[in-house]
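Here is how the chains run, residue by residue.
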Amino acid sequence: MNEGDEMVEGEMVDLDEHMSEVEDTPDGGAVIRLEDEQDFANKLDHFANIVDEVDPELLSEAVNDLLDKIDRDKEAREKRDKQYEEGLRRTGLGDDAPGGAQFSGANKVVHPMLIEACVDFSARFMKEIFPSGGPVKAKVLGEHDEEKLEKAERKSEFMNWQTTEQMQEFRGELEQLSTQLPLGGGQYMKMMWNARNRRPVSEFIPIDDIYLPFAATNFYTAERKTHVQYVTKMEFDRRVKSGMYRDVEIGNPADIEFSKASIANDKIEGRKELSYNEDGLRTIFEIYTCIDFGDGVEPYILSVDKSSGLALSLYRNWEPDDDMRRELDWIVEFPFVPWRGAYPIGLTHMIGGLSGAATGALRALLDSAHIQNVPTLLKLKGGPGGQTINVQPTEVVEMEGGALVDDVRKIAMPLPFNGPSPVLFQLLGFLVDAGKGIVQTTFEKLADQNPNQPVGTTMALIEQGMVVFSSIHSRLHGSMARCLKILHRINSAYLTQEDVQAQVAGLKIEPSDFDGPMDVIPVSDPSIFSDTQRFAQTQAIVQRAAMLPQLYDIRKVEEMFLRNLKVPAAEVLLPKPGDEDKDPVSENIEATMGQPIFVLPKQDHLQHIMTHMAFLKSNLFGANPAIIKTYLFPMSMHLRDHLLNYYMVEAHQAVMNAKKQGVIQDDPTQKTQIIMQVQQFIEQQLAGFGEELAQITEQAQQFAPPAGPPMPPDSSLQVAQLNAQVQQAALQQRSQSDQAKMQQQAQLNQQKLQLGQAKLQQDAQLKQADIQAKQQEAALEIQKEQMREQAEDRRTMQELAVRQAMNSADNQTALQLAEQEMLSNERFSVSTGTGVNPNP
């Protein structure tokens, strides 16, 4: 075609007719949709709003039936809503906590038991579930190979960017969920795709906005799940414009009926509902259920306006290629403590009564102190009309007395109010301890322990103290995994290459990466809920690595230690040797400066050998006396490693190529022939290099470092000699007659026999060494068992001695107590056997 004055030629592309779809256009052209684009279009069509496509009569029947059931679901959970409201009020944040006296000036203070537990839980939850780097880490399924690892790392990096940068609301919604979770017993997180912003979004759903059937025993298996949404007029119009809802006349919204928990929360936030609904709020029921529209019972998502009773949207809720029509999850439950029904329980249910009792006791103590310090008097009337006096502090007021009364104290008497009760104060302490015992930890006690105590003791204390939090955390870890699974599915269904190029900068991610299984998991550890526990485990690993260094990767242990300290390992540790592919010039410089150099299998070994040899033979560089002292010895080993890696890579590659081309099968003889051909090719290509390497290695011995690990055996001379023998045998094979070939074959057979005998002798030696090692191991096991039995005997004897001493002390104490009781005629509330109880 022409573009200005230039001719622009198109590109010819061969397309498989089975891999694309061609659609003719009115101007005679054609639109070609490739398979990936067609799959994406099919998914969009499958998950489109089909409310106008189903039978209106069936749709109306379904809507009326569901609205009746929703009313019953709401009535069934009224008690639950009341409990949540009471929990919010008992926090005292709304200044309307129940309980206490009602006289003027009565104290309204609230014990912070519940709010303290909520804040503490939220802090622990967010620290573990949502760290600063993101909540996702890679998990490779099946065999670990480089391709799977790279793919999992790409996905985890991208999803961490999504949850921390792209989904700006995700952390805030998760923090709201975490603070409300202990009070409500359970909260919900909704993950969905926002077509207007072209990105995933998340929404926190309080438990009072989720209706479940009375007969439901589990959230995920409930026959219907109703999300009560309060949508403003502006948001409703946006949803209609984007196609999420159909454009239908629904009239003005009816009065909004907020839940009791929502009203209690408004008091905490200091909000007050206006009489006029200026934002145009309306109630919309988003119902996740199964409906039969003529093709059988299938899962759908149906949105219904409460005021008009009209259906706004209807979406299929199963994957397009799923023949079983399994329901997809979009809402995730975060349970605190599961119970028998579908709704979990929280601190309001478990310690709500204790919190109310603690608040009542605290108010009674403060009220008694207040009354005792406020002057309240009884005054005797004097004179014909009596007298009423209100004296302010620092004020002097005259007072009339009766006849013959000369002392004011004779006509006014303070009321004898009791002060704060010590018994009530002790009761308050008991209530607080009982309430904290539900979610108690032993971290406060660790500060009083011996800092040099064994790690096992510290671990036992932590495990015992964190047993409640750990179980809750394990459930929340599973819920977070469900959220990531939904996010993974959203990326698989909606993420396109255009979105990646437009929104992601510097991240190597492809939409096709999300087509496979979900190989990412939450970054939190379900068995660990604190840094103290993590540090104790790391300390135990460090100690074991110091005791048995041959069984541990010391670098990985150090990286784990630094990771738990929140210190990047790359900032303090030396680079891991052999990870970086360096060019031969850089290797020459590093070897000259005494730095370690390594060989990687993927390097161009031939180019490296040629570059190193040229540098080595140069009088200005490698042969220079100022350079050769530090350069020759490490380079001789480096050249040897290049030669061996070159041989290994070429041999393996030749065998693989021969298999792919069908030249050979899995026959060892054929493989050996291919390897021998590769070896002959390398010998011809590097003719004379073996002798040069042998000379270089011999010369380098004088520059070997005086100390350090033993040098590996030098096999370069043997390799050169073997190469020479193979070359001579090849020449003889081409020139000799059949009789010479037979003689050569006999010699080869004799060599094989000798090698076989040598191998048998070596196997016998190895078996003998193995038997000796097993005997030594058995002897060590017997010795360990004897030592263990001796230690157990000593422990048993010590335990018996301690018990005998305690028994004697208890008997003596009991005798003294009996004597005291006989003398005083009183019975003491003490016990023996476990020490005297200071607080009976």
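Below or above, wherever it landed, is the structure these notes cover. (Residues numbered from 1 in each chain as written. Predicted model: local features only at pLDDT ≥ 70, side-chain atom pairs only at ≥ 80, totals over all residues. Heavy atoms only, no water.)

**A closer look at the overall build of the protein chain**
- Summing up its helical and strand segments, the protein chain has 24 helices and 16 strands in all.
- A burial count over the protein chain gives 34% of its 840 residues as buried.
- With the model as given, the accessible surface of the protein chain reaches about 52,700 Å², and the carbon-plus-sulfur share is 53%. (Helix = DSSP H or I, 4+ residues; strand = E, 2+ residues; numbered from the N terminus. Buried < 20%, exposed > 50% of the residue type's maximum accessible area, 1.4 Å probe, protein only. Areas by Shrake-Rupley, 256 points an atom, 1.4 Å probe, with all protein chains shown as cover.)

**Details of helix 16 (residues 554-564)**
- Those residues of helix 16 lying buried are Val557, Leu562 and Asn564. Projection of helix 16 onto a plane perpendicular to its axis shows the buried side chains occupying an angular sector of 165°, all on one side. Opposite the buried face of helix 16, at more than 90 degrees from it, the exposed residues are Lys556 and Arg563.
- Capping the start of helix 16, Asp553 holds a side-chain oxygen 3.2 Å from the backbone nitrogen of Arg555, two or three residues further along.
- Where helix 16 ends, the next residue or the one after it, Lys566, has phi of about 60°, a positive value. (Arc of directions from axis to C-beta. Polar contact = N/O pair within 3.5 Å; in protein donor to acceptor, adjacent residues only side chain to side chain.)

**A look at the nonpolar core**
- Ranked by size, the top nonpolar core spans 77 residues in total, and within it Phe158, Leu174, Tyr188 and Phe334 carry the most contacts.
- Each residue touching Leu174, except ones within four places of it in the same chain, is listed here: Phe125, Met126, Ile129, Phe130, Met189, Phe334 and Met480.
- Among the nonpolar cores identified, the runner-up in size contains 23 residues, and Ile627, Leu643, Ile682 and Phe689 belong to it. (Core = buried A, V, L, I, M, F, W, Y, C linked by side-chain atoms within 4.5 Å. Contact = heavy atoms within 4.5 Å.)

**Some points on the pairing of strand 7 (residues 199-205)**
- The element strand 7 is extensively covered by neighbouring structure, given that six of its seven residues are classed as buried.
- Relative to strand 7, strand 6 (residues 186-194) runs antiparallel, the two sharing seven bridges. Residue pairing across strands places Met189 opposite Phe204, the latter belonging to strand 7.
- The hairpin formed by strand 6 and strand 7 contains four residues between the paired strands, and Arg198 there has a positive phi angle of roughly 55°. (Pairing = 2+ DSSP bridges.)

**Description of the environment of Phe130**
- With respect to the secondary-structure elements, Phe130 resides in the loop between helix 4 (113-129) and strand 5 (136-138).
- Assessed through its relative accessible area of 4%, Phe130 is described here as buried.
- With 34 residues separating them in the primary sequence, Phe130 and Thr164 have C-alpha atoms 9.2 Å apart.
- Residues in contact with Phe130, not counting those within four places in the same chain, are Phe125, Pro135, Thr163, Thr164, Phe170, Arg171 and Leu174.

**Digging into the packing of aromatic side chains**
- Counting across every chain of the model gives 15 aromatic pairs.
- For the ring pair Phe219 and Tyr220, a centre distance of 5.1 Å and an interplane angle of 80° mean the geometry is edge-to-face.
- For the ring pair Phe293 and Tyr300, a centre distance of 5.2 Å and an interplane angle of 80° mean the geometry is edge-to-face.
- Phe293 sits in the buried class, given a relative accessible area of 13%.
- Taken together, the ring pairs in this structure connect Phe121, Phe125, Phe334 and Phe336 into an aromatic cluster. (Phe/Tyr/Trp six-rings, centres within 6.5 Å; stacked < 30°, edge-to-face > 60°.)

**What about the sheet that holds strand 9 (residues 224-231)?**
- Here we have five strands laid out as an open sheet, ordered 8-9-10-11-12, and antiparallel in their pairing. Edge strands, defined here as strands with exactly one partner in the open sheet, are strand 8 (210-211) and strand 12 (311-316).
- Judged from the eight bridges that link them, strand 9 and strand 10 (residues 282-292) form a sheet pairing that is antiparallel. Looking at strand 10, one finds that Gln229 is bridged to Ile284.
- This element, helix 2 (residues 56-76), spans strand 8, strand 9, strand 10, strand 11 (297-305) and strand 12 of the sheet and lies at about 115° to strand 10.
- In this fold helix 7 (residues 233-242) packs onto strand 9, strand 10 and strand 12, with an angle of close to 120° to the strand it touches most, strand 9. (Axes fitted to C-alpha atoms, helices over the stretch in contact; angles between N-to-C directions.)

**Describing the packing of helix 20 (residues 625-660) against helix 21 (residues 668-685)**
- Running from amino to carboxyl end, helix 20 crosses helix 21 at an angle of 135°, the nearest separation of the two axes being 9 Å. Considering the angle they form, helix 20 stands oblique to helix 21. The handedness of the crossing between helix 20 and helix 21 comes out as right-handed. Across the interface between the two elements, Tyr646, Tyr647, Glu650, Ala651, Ala654, Val655 and Lys659 from helix 20 touch Lys671, Ile674, Ile675, Val678, Gln679, Phe681, Ile682 and Gln685 from helix 21.
- Considering only residue class, the contact of helix 20 with helix 21 consists of 10 nonpolar, two polar and three charged. (Parallel < 35°, antiparallel > 145°, perpendicular 65-115°, else oblique. Left-handed = near helix turned anticlockwise from the far one by under 90°. Nonpolar A, V, L, I, M, F, W, Y, C, P; charged D, E, K, R; others polar.)

**Brief notes about unusual backbone geometry**
- Of note in the backbone geometry, Arg198 takes a positive phi value of approximately 55° without being a glycine.
- Phi at Arg325 is positive, roughly 55°, even though this residue is not glycine.
- Of note, Arg325 is situated in the loop between strand 12 and strand 13 (331-335).

**A few points about helix 18 (residues 584-592)**
- Turning to helix 18, its buried residues are Pro584, Glu587, Asn588, Glu590 and Ala591.
- Turning to helix 18, the residues buried within the fold contact helix 19 (605-617) and helix 20.
- Residue Asp583 occupies the N-cap position of helix 18, its side-chain oxygen lying 3.1 Å from the main-chain nitrogen of Val585.
- Just downstream of helix 18, Gly594 is the residue with a positive phi angle, here 80°.

**A look at the sheet that holds strand 7**
- Spatially, 7-6-13 is the arrangement adopted by the three strands of the open sheet, whose pairing is antiparallel. For this open sheet the edge positions go to strand 7 and strand 13, each flanked by a neighbour on one side alone. In this sheet, neighbouring strand axes are inclined to one another by 20° on average, regardless of whether the strands run parallel or antiparallel.
- Contacts from helix 6 (residues 170-184) reach strand 6, strand 7 and strand 13, with the element oriented near 160° to strand 6.

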